Amino acid sequence: MGISIKIWHGVNVTETWSPTIDYSKCTNCTICLLACGNKVFSWSNSQNKVVVQVPTNCVLGCTSCLKLCPSEAIYFPEEPKKFIRKLIVKYKIYTKIKNELMERLKKYPDRNLKIETAKSVENPNVEFSNWHGMERKKISWYPTIDTNKCVGCGLCVVTCGEKRNVFGYDVSNKKAFVLYPYNCMVGCNNCSVSCMWNAISFQEFSVVKEVSKKVIKENSEILKKEVKEKVKQQNLSTA
């Protein structure tokens, strides 16, 4: 089997990052399967459980599934910030980040704003307004930036996917800021993990774990329908 190569901010990296499920703790709640947008997990009909199907699909440094797992059955090979820091140093990505940032702002000029006049948009995009039956605005999970610590590298802006595009950026002042807080994926803190100046913070991880437990308990029928649809799509893609 050959070495797996992943393109990360314009460089080829050979380091791997993926979750492992501890089945002695797993309750088969399927929240990991539903929460992951990169098809890392799938449902195994033969084993009757969620499995890590495509580990190479996992976003480097991402631990969203771990934070959402109510039984703490998911773990990763090492502390994510330590892992990402090693990649940043090894691959010297900041020059590439600058170009990536400018391309992002060119593509989305509405994100290029003056930080002193920019106003946070309180409503998420329609596709993010509901999280497994719970109103997204009722879930207190989004990044906060300490502008005194922010050095304007732009890594947080480009780490966040274009679809969610949580951040704005002030080119003249070289500062990132949170523009669409509720577009943030519940459980994701990849921007904070990638920030080497510790300028980005989130609520306590217990916040999303409790939300996850609440959804599993109160919206079980919604989750079943979502799992059924996801398995259907999974079967179609492998047919």
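If you're wondering where the values come from, they're calculated on a predicted model, not measured in any experiment. (Residues numbered from 1 in each chain as written. Predicted model: local features only at pLDDT ≥ 70, side-chain atom pairs only at ≥ 80, totals over all residues. Heavy atoms only, no water.)

**Q** Can you help me understand the nonpolar core in this one?
**A** Across soluble globular proteins, you tend to see nonpolar side chains buried next to one another. Ranked by internal contacts, the top residues of the largest apolar core, which has 64 residues, are Trp 8, Phe 41, Ile 84 and Phe 167. Setting aside residues up to four positions removed in sequence, Ile 84 forms contacts with Trp 8, Leu 60, Gly 61, Val 193, Ser 194 and Met 196. (Core = buried A, V, L, I, M, F, W, Y, C linked by side-chain atoms within 4.5 Å. Buried < 20%, exposed > 50% of the residue type's maximum accessible area, 1.4 Å probe, protein only. Contact = heavy atoms within 4.5 Å.)

**Q** I would appreciate a short explanation of the packing of aromatic side chains in the present structure.
**A** Two aromatic rings, taken as a pair, are described by how far apart their centres are and by the angle between their planes. A full pass over the atoms with the stated rule returns 6 aromatic pairs. Judged by centre distance (5.0 Å) and plane angle (20°), the rings of Trp 17 and Phe 76 are stacked. Of the two residues, Trp 17 is situated in the loop between strand S2 (11-13) and strand S3 (20-21) and Phe 76 in the loop between strand S6 (74-75) and helix H3 (80-91); the sequence distance between them amounts to 59 residues. Like Phe 76, Trp 17 is buried. Positioned above the aromatic ring of Phe 128 is the side chain of Arg 164, whose terminal nitrogen or guanidinium carbon lies 4.1 Å from the ring centre. (Phe/Tyr/Trp six-rings, centres within 6.5 Å; stacked < 30°, edge-to-face > 60°. Helix = DSSP H or I, 4+ residues; strand = E, 2+ residues; numbered from the N terminus. Lys NZ or Arg CZ within 6 Å of the ring centre and 35° of its normal.)

**Q** When you look at the pairing of strand S5 (residues 49-52) in this model, what are you seeing that I'm missing?
**A** Moving residue by residue along a regular strand, the side chains alternate between the two faces of the sheet. By the bridge criterion, 4 bridges tie strand S4 (residues 41-44) to S5 in an arrangement that is antiparallel. If you follow Ser 42 over to S5, its bridge partner there is Val 51. Adjacent in sequence and paired antiparallel, S4 and S5 are bridged by 4 residues, among which Asn 48 carries a positive phi angle near 55°. (Pairing = 2+ DSSP bridges.)

**Q** I would appreciate a short explanation of the side chain of Asn 189 in the present structure.
**A** In this fold, Asn 189 is placed in the loop between strand S11 (175-178) and helix H6 (190-194). In contact with Asn 189, other than residues within four places in its own chain, are Thr 63, Lys 67, Trp 141, Phe 202 and Phe 205.

**Q** Could you clarify how one ought to interpret H3 in this entry?
**A** Helical geometry note: an α-helix holds 3.6 residues per turn, so side chains three or four residues apart project in the same direction. The terminal C-alpha atoms of H3 lie 17 Å apart, and with 12 residues this matches the ideal 16 Å at 1.5 Å per residue to within 8%. Buried within H3 we find Pro 80, Lys 81, Phe 83, Ile 84, Leu 87, Ile 88 and Tyr 91. One side of H3 carries all its buried residues, which in axial view fall inside an arc of 160°. Summarising the geometry of H3, the exposed residues directed more than 90 degrees from the buried face are Lys 82 and Val 89. Those residues of H3 that are buried lie in contact with strand S1 (6-8), S2, helix H4 (94-107), helix H5 (155-159) and H6. (Expected span 1.5 Å × (residues − 1). Arc of directions from axis to C-beta.)

**Q** For this particular structure, what's the right way to read the state of the cysteines?
**A** Note on terminology: a disulfide is the covalent bond linking the sulfur atoms of two cysteines. With the rule as written, the count across this model stands at 0 disulfides. A disulfide-free cysteine, Cys 36 has its sulfur positioned 6.6 Å from the sulfur of Cys 58, the nearest such atom. Residue Cys 62 stays outside any disulfide, its sulfur separated by 5.2 Å from that of Cys 188, the closest cysteine. (Disulfide = S-S within 2.5 Å.)

**Q** How should the environment of Lys 213 be read in this particular structure?
**A** Mapped onto the fold, Lys 213 is located in helix H7 (residues 205-218). The partly exposed category is assigned to Lys 213, whose relative accessible area is 36%. Considered as a pair, Lys 213 and Val 157 are 56 residues apart in the sequence and their alpha carbons are 30 Å apart.

**Q** Got a minute to help me understand the pattern of salt bridges in this structure?
**A** A side chain with one charge may pair with a side chain of the opposite charge, provided their charged atoms come close. Under the definition given, this model contains 7 salt bridges. A salt bridge links Glu 78 to Lys 86, with the nearest nitrogen and oxygen atoms 3.2 Å apart. A salt bridge links Lys 107 to Glu 162; the shortest N-O distance between them is 2.8 Å. Here the residue Lys 107 occupies a position in helix H4, and Glu 162 occupies one in the loop between H5 and strand S10 (167-170), the gap between them amounting to 55 residues. Exposure remark for Glu 162: the relative accessible area of 34% places this residue in the partly exposed category. (Salt bridge = Lys/Arg side-chain N within 4 Å of Asp/Glu carboxyl O.)

**Q** I tried to follow the pairing of S10 on my own but got confused; where do I start?
**A** Residues Phe 167 and Tyr 169 line one face of S10 and the alternating positions Gly 168 and Asp 170 line the opposite face, and both faces are buried. Pairing of S10 with S11 involves 4 bridges; the strand directions are antiparallel. Bridged to Phe 167 within S11 is Val 178. In this structure, the hairpin formed by S10 and S11 is closed by a connection of 4 residues, where Lys 174 is found at a positive phi of approximately 55°.

**Q** It is not clear to me how the environment of Met 185 should be interpreted in this structure. Could you clarify?
**A** Here Met 185 is to be found in the loop between S11 and H6. Note: C-alpha distance between Met 185 and Trp 131 (54 residues apart in sequence) is 9.3 Å. Not counting residues up to four positions away in its chain, the partners in contact with Met 185 are Ala 35, Ser 64, Trp 141 and Arg 164.

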